[in-house]
Amino acid sequence: MSEGDSALRLEALEAWYGLARVLFGVDLALARGTVKVLLGRNGAGKTSTLKAVAGIMPRIAGRVLVDGRDVAGQAAHRIARVGVGLVPETRRIFRGLTVRENLEVGRRAASAGGGWDEARVFALFPALETLASRRGGQLSGGEQQMLAIGRTLMGNPWLVLLDEPAEGLAPLVVNQMAEAIRALKGAGTTVLLAEQNLAFAGRVADGAAVIERGRIVYDGPLAGLAGRADLAGPLAPG
Ligand SMILES: Nc1ncnc2c1ncn2[C@@H]1O[C@H](COP(=O)(O)OP(=O)(O)OP(=O)(O)O)[C@@H](O)[C@H]1O
Ligand SMILES: [Mg+2]
């Protein structure tokens, strides 16, 4: 894959929290319109990788090519403006604002991934529509996750970074999450999904990368992990 074909390409990405280095040269490429899962155990560096792309790691080195342009070191709002949207693992919705108001906060002028409005978010997550006037703090975990994704989509990203969206959710809600990710892909959105759950990853991803202690130790088709107990073994089976 040449540089121009990659929606996202990480080259020798390093990252630090203070003096502690947590990424040690991450290389990763993601083709436009595909869903790639970044698999790894607790503390492996999944969130740090997504944060580095979104421009919210305290310190990074290396290259972060978004559509071929290096955005490493740029401010988060500038990276958002080129069409990168992060849905953080902490979900960070405004608990005192209603669902509708939370979505409104996320609104940003259309970029290449344009076309998102409240109605489209409700079409993606029908459960949210009936809750439009409910405050964020009164939502269930699954509803908060849907709202966090919806709010990011309101910024019209074409590249979405999803940090463990199914974590801690009931099976029925996990199904809705998987469906939503497939729908995003169907709409042409490129997705990088941080995940520990191999079964969930298998339902939505085209390809997989495995991160271990801040290094990529596998990058290829999901099927390639089947015979690799050394890589997939430590991950949650489902
Ligand atoms: N705010 C922070 N300050 C200092 N160290 C941190 C901070 N956040 C994470 N770390 C450390 O950075 C390393 C990578 O963490 P990261 O959050 O990227 O892992 P992760 O793969 O997302 O894990 P999890 O599955 O638990 O979300 C870990 O050693 C972790 O302890
Ligand atoms: Mg994490």
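Residues numbered from 1 in each chain as written. Chains lettered and ligands numbered in written order. Predicted model: local features only at pLDDT ≥ 70, side-chain atom pairs only at ≥ 80, totals over all residues. Heavy atoms only, no water.

## As for the overall build of the protein
Okay, so step 1: Across its full length, the protein holds 9 helices and 10 strands.
Okay, so step 2: By the compact-globule yardstick of 18 Å for 238 residues, the protein fits well, its C-alpha radius of gyration being 17 Å.
Okay, so step 3: A total of 238 residues make up the protein; the buried ones form 49% of that total.
Okay, so step 4: Look at the contacts in the protein between residues 6 or more apart in sequence, and 71% of them connect residues 24 or more apart.
Okay, so step 5: Roughly 10300 Å² of accessible area belongs to the protein as shown, and the carbon and sulfur atoms make up 51% of that amount.
Okay, so step 6: Seen as two clouds, the 28 positive and the 23 negative side-chain charges of the protein have centres 3 Å apart. (Helix = DSSP H or I, 4+ residues; strand = E, 2+ residues; numbered from the N terminus. Rg over C-alpha atoms; globule rule 2.2 N^0.38 Å. Buried < 20%, exposed > 50% of the residue type's maximum accessible area, 1.4 Å probe, protein only. Contact = heavy atoms within 4.5 Å. Areas by Shrake-Rupley, 256 points an atom, 1.4 Å probe, with all protein chains shown as cover. Lys, Arg positive; Asp, Glu negative; His and termini not counted. Charge placed at Lys NZ, Arg CZ, Asp CG, Glu CD.)

## Overview of the site of ligand 1
Okay, so step 1: Every one of the 13 residues lining ligand 1 counts as a neighbour, but Gly 43, Lys 46, Thr 47, Ser 48 and Glu 89 are closest to it.
Okay, so step 2: Ala 44 places a main-chain nitrogen or oxygen 3.2 Å from an oxygen atom of ligand 1.
Okay, so step 3: Relative to its free-state accessible area of 630 Å², ligand 1 is covered by the protein chains to the extent of 60%.
Okay, so step 4: At 3 residues, the largest contribution of residues to the shell around ligand 1 is made by helix H1 (residues 46-54). (Near = heavy atom within 4 Å. Polar contact = N/O pair within 3.5 Å; in protein donor to acceptor, adjacent residues only side chain to side chain.)

## Let's talk about the pairing of strand S7 (residues 159-163)
Okay, so step 1: In terms of residue burial, S7 counts as a mostly covered element, since 5 of its 5 residues are buried.
Okay, so step 2: Burial along S7 is two-sided: the residues Leu 159, Leu 161 and Asp 163 and Val 160 and Leu 162 are all buried.
Okay, so step 3: In the sheet, strand S6 (residues 84-87) pairs with S7 via 4 bridges, with the strands oriented parallel. Residue Val 84 lies in a different strand from S7, and its bridge partner there is Leu 159.
Okay, so step 4: Note: S7 against strand S8 (residues 190-195), 5 bridges, orientation parallel. Paired with Leu 159 across the bridge in S8 is Thr 190. (Pairing = 2+ DSSP bridges.)

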